[in-house]
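Commentary on secondary and tertiary structure
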Amino acid sequence: MARSSRQSSPQFSGQRTHPVDEVLPVGKLALYGFQHVLAFYAAAVIVPLLVGNALGLTHDQLVYLINADLLTCGIASIIQAFGIWRIGARLPLVQGVTFTAVSPMIAIGLGAGGGVAGLLVVYGACITAGIATFLFAPFFSKLVKYFPPVVIGTILTIIGLTLIPQGLQDAAGGAQLIGHPGYASGKNLAYALGTLLFILLMVRIGKPYLSSLAVLLGLVAGTGVAWCLGDVDFSMVGHADWFGVSTPFHYGMPKFQLFPIIAMVVVMLITMVETTGDVYAIGEITRKRVDNTTVADALRADGVATVLGGVFNSFPYVAFAENIGLVRMSRVMSRFVVVAAGLIMVGVGLLPKVGAVVAVIPHPVLGGAAVSMFGMVATVGIQILGKVDLREERNALILAVSLGAGLLPTAVAPFFDRMPADVKAILDSGITLGGLTAILLNLFFNVLTRRSSMEIDWDDIEDDEADAPAAPGGPPTGFAAY
């Protein structure tokens, strides 16, 4: 993949230490690291909340899931930024749970019966997919040409469009209220709309720092209003321990089933493309040379983090684009700031009371925030598709058929009910079904016919987004972290 001369030139030839490798004073490391945690926090906790609620976990189980996620996020970020052997890009990249996996994990978990039984199947798929990512990392950079903008843009659009209904369901009160008079009540819709409007107001104010925290502030404000009106019970927070460690296989030994593993491998294939984009984007921002070796090291870190997620009761991981935008805005390029952020996240992950506070966020408040975040994912896909010539029939067909496949499980929920449970776990995920369709159609139309296709121009994406304002909880640069 061709890179611009700006990146390959010695931008910091007069300095002994590149800004990425600069070790700042402890005070600055802590301050800038905490800023990364704030920018990352809302997106980090929303995935375990969505998955845990969808699988019907108890409050205590949900608290444990949140703390396990934060702990593993911290460890994964340290590995990615600090680097161990050939694991980690050694760039200021924060790792977080990918949104790409939300819909497939819910489908896998519900297909296995929901609750803890569903989690064990999800964890088995995560561990296997993480190992596959680690082993495949050195070869992936050579295959990027098989994922042109029409494929990536289509996949990202499908991810956003299939996740938005999950956010809307939470806005109505959550799946557990379906059939109950409280579902879609005026109060629930008011909480969701109020949270969304608050987020939009924070962005409208125009301060970059407030924009980067808009989703987090929206969750806090929405929960505060609900508490004042008597719809939030903090009593469970008082019962939570001050200190607790997430132990390996807390819910039991993972279960390894073929079709869920295939679905998770497809998810990791998509996240590998996301991480590749984020690595090139952060290289462009910091003027740090990025090559295929750097990409492979970053992908190995994704694989290791995903294995750790399966072991320590969390989920698949990817580089978070929100924090790349923070690096660009703050111009603080030191990767050791991300190491400091990782240490802070590990500390927070050891405090169950923090997870208990997050777990009491009402479903409608969570749904209002999720709609904005998931909508931004679809927006990034549309932006990439804007670089594609959709007047060309083959590109138009790849997009059209893949969108239809991706929306099928959402639009017609019982469509695959007669399929075997394992097969249904794959087909019932719009992201997996739509992503596979886009990849296979591109192979059919472009690769097997040896027809040339436009490659992704990471520089062009970065330059375009550098002119655009940052969005709340959304991906300001490169590819999103889902």
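Residues numbered from 1 in each chain as written. Predicted model: local features only at pLDDT ≥ 70, side-chain atom pairs only at ≥ 80, totals over all residues. Heavy atoms only, no water.

**Some details on the overall build of the chain**
Tallying secondary structure elements over the chain gives 20 helices and two strands in all. Across the chain, contacts joining residues at least 24 apart in sequence account for 84% of those joining residues at least 6 apart. About 18500 Å² of surface is accessible on the chain, with carbon and sulfur atoms providing 66% of the total. (Helix = DSSP H or I, 4+ residues; strand = E, 2+ residues; numbered from the N terminus. Contact = heavy atoms within 4.5 Å. Areas by Shrake-Rupley, 256 points an atom, 1.4 Å probe, with all protein chains shown as cover.)

**Let's talk about unusual backbone geometry**
One non-glycine residue, Phe249, lies in the positive phi region at around 55°. Relative to the elements of secondary structure, Phe249 occurs in the loop between helix H10 (235–239) and helix H11 (258–286). A relative accessible area of 30% means that Phe249 is categorised as partly exposed. (Buried < 20%, exposed > 50% of the residue type's maximum accessible area, 1.4 Å probe, protein only.)

**Some words on the packing of aromatic side chains**
Enumeration according to the criterion identifies six aromatic pairs in this entry. Look at Tyr64 and Tyr251: their rings are 5.9 Å apart centre to centre, the planes differ by 75°, and that puts the pair in the edge-to-face class. With a gap of 187 residues between them, Tyr64 in helix H3 (residues 59–82) and Tyr251 in the loop between H10 and H11 connect regions that are remote in the sequence. By relative accessible area, which is 13% here, Tyr251 ends up buried. Here Tyr123 and Phe315 contribute two aromatic rings whose centre-to-centre distance is 6.1 Å and whose plane-to-plane angle is 35°, an arrangement assigned as tilted. Of this pair, Tyr123 sits in helix H5 (residues 115–140) while Phe315 sits in the loop between helix H12 (292–311) and strand E2 (317–319), placing them 192 residues apart in sequence. (Phe/Tyr/Trp six-rings, centres within 6.5 Å; stacked < 30°, edge-to-face > 60°.)

**Regarding the environment of Ser314**
Structurally, Ser314 can be placed in the loop between H12 and E2. Sequence-wise, Ser314 and Cys126 are 188 residues apart; in three dimensions their C-alpha atoms are separated by 8.9 Å. Excluding residues that lie within four positions of it along the chain, Ser314 makes contacts with Ala68, Asp69, Thr72, Val97, Tyr123 and Gly309. Side-chain polar atoms of Ser314 contact the side chain of Asp69, separated by 3.5 Å. (Polar contact = N/O pair within 3.5 Å; in protein donor to acceptor, adjacent residues only side chain to side chain.)

**Here we look at the confidence of the model for the chain**
With 81% of its residues at a pLDDT of 70 or more, the chain shows a mean pLDDT of 78. Taken together, the stretch residues 1–11 has pLDDT below 50 and engages in 24 contacts with residues farther than four places along the chain or on a different chain. In this model, residues 464–482 is a region of pLDDT below 50 whose contacts with residues beyond four sequence positions or in other chains number 74 contacts. (pLDDT = per-residue confidence, 0-100.)

**Observations regarding the nonpolar core**
In terms of nonpolar packing, the biggest core is built from 112 residues, with Val47 and Phe315 touching the most fellow members. Ranked by the residues each element gives to this core, the list is headed by H11, at 13 residues. In this structure Phe315 touches Val47, Pro48, Val51, Leu65, Val97, Met105, Leu119, Val122, Tyr123, Cys126, Thr306 and Gly309, once residues within four positions along its chain are discounted. (Core = buried A, V, L, I, M, F, W, Y, C linked by side-chain atoms within 4.5 Å.)

**Notes on helix H7 (residues 186–205)**
The terminal C-alpha atoms of H7 lie 28 Å apart, and with 20 residues this matches the ideal 28 Å at 1.5 Å per residue to within 8%. When H7 is considered as a whole, its buried residues turn out to be Asn188, Tyr191, Ala192, Thr195, Ile199 and Met202. The buried side chains of H7 occupy one side of the element, clustering within an arc of 95° when seen end-on. More than 90 degrees from the buried face of H7, the exposed residues found are Gly186 and Arg204. (Expected span 1.5 Å × (residues − 1). Arc of directions from axis to C-beta.)

**Here's the deal with the packing of helix H4 (residues 102–111) against H5**
Two elements in contact, H4 and H5, have axes whose closest approach is 7 Å; the angle formed by their N-to-C orientations is 125°. Looking at the two axes, H4 sits oblique to H5. In this structure, H4 meets H5 at a crossing whose hand is right-handed. Note on element contacts: H5 touches H4 through Gly118, Val121 and Val122, opposite Met105, Ile108 and Gly109. Taken together, the residues of the contact of H4 with H5 sort by class into four nonpolar, two polar and no charged. (Axes fitted to C-alpha atoms, helices over the stretch in contact; angles between N-to-C directions. Parallel < 35°, antiparallel > 145°, perpendicular 65-115°, else oblique. Left-handed = near helix turned anticlockwise from the far one by under 90°. Nonpolar A, V, L, I, M, F, W, Y, C, P; charged D, E, K, R; others polar.)

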